[in-house]
Amino acid sequence: QVQLVESGGGLVQPGGSLRLSCAASGFTFSCYVMRWYRQAPGEERELVAAITGAGESTNYEDSVKGRFTISRDNAKNTVYLQMDSLKSEDTAVYYCNAQLATIDYWGQGTQVTISS
């Protein structure tokens, strides 16, 4: 049974940090590109960051470059999103995604709220 379970969301003040985790099971994790998406209320889901299977390549949405870092630990079947210098506009539900060719798996999401 495929599972992607996100954790680490919460409420943090502007300028603060959070580290999201996504624990995967039920598939060969290291073969999949892993992505973090987010969706704010009333907005479309947008890609935040991606990392290749071996972790050799990453890319980021422009607004998070220099603030967010995606990483993965294939031994633990886990992908992370370190989020620093958080802004109110980062408030959203963050989703973990695993993709290999036409196969797509999604987590249930974790809420991140940036507010003073």
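For the structure, check the block above.
Notes on the structure in this doc start here.

### What about the side chain of Glu6?
Here Glu6 is to be found in strand E1 (residues 3-7). Here Glu6 occupies a buried position and makes no salt bridge, while the nearest side chain of opposite charge, Arg45, is found at 7.6 Å. Engagement of the side chain of Glu6 in a polar contact is seen with the backbone nitrogen of Cys96, the distance being 2.7 Å. Among the polar contacts made by the side chain of Glu6, one reaches the main-chain amide nitrogen of Gln108 at a distance of 3.0 Å. Setting aside its immediate chain neighbours within four residues, Glu6 contacts Ser21, Cys22, Trp36, Tyr94, Tyr95, Cys96, Gly107, Gln108, Gly109 and Thr110.

### Digging into the sheet that holds strand E8 (residues 78-83)
Strand order in the open sheet made by the four strands is E1-E3-E8-E7, with antiparallel pairing throughout. Two strands in the sheet have a free side with no partner beyond their single neighbour: E1 and strand E7 (68-73). Strand-to-strand, the axes of this sheet are offset by a mean angle of 15°, without reference to chain direction. Where strand E3 (residues 18-25) lies against E8, six bridges are found, and the strand directions are antiparallel.

Basis of the calculations
- Residues numbered from 1 in each chain as written.
- Predicted model: local features only at pLDDT ≥ 70, side-chain atom pairs only at ≥ 80, totals over all residues.
- Heavy atoms only, no water.
- Helix = DSSP H or I, 4+ residues; strand = E, 2+ residues; numbered from the N terminus.
- Buried < 20%, exposed > 50% of the residue type's maximum accessible area, 1.4 Å probe, protein only.
- Lys, Arg positive; Asp, Glu negative; His and termini not counted.
- Salt bridge = Lys/Arg side-chain N within 4 Å of Asp/Glu carboxyl O.
- Polar contact = N/O pair within 3.5 Å; in protein donor to acceptor, adjacent residues only side chain to side chain.
- Contact = heavy atoms within 4.5 Å.
- Pairing = 2+ DSSP bridges.
- Axes fitted to C-alpha atoms, helices over the stretch in contact; angles between N-to-C directions.

The analysis is restricted to geometry; functional conclusions fall outside its scope.
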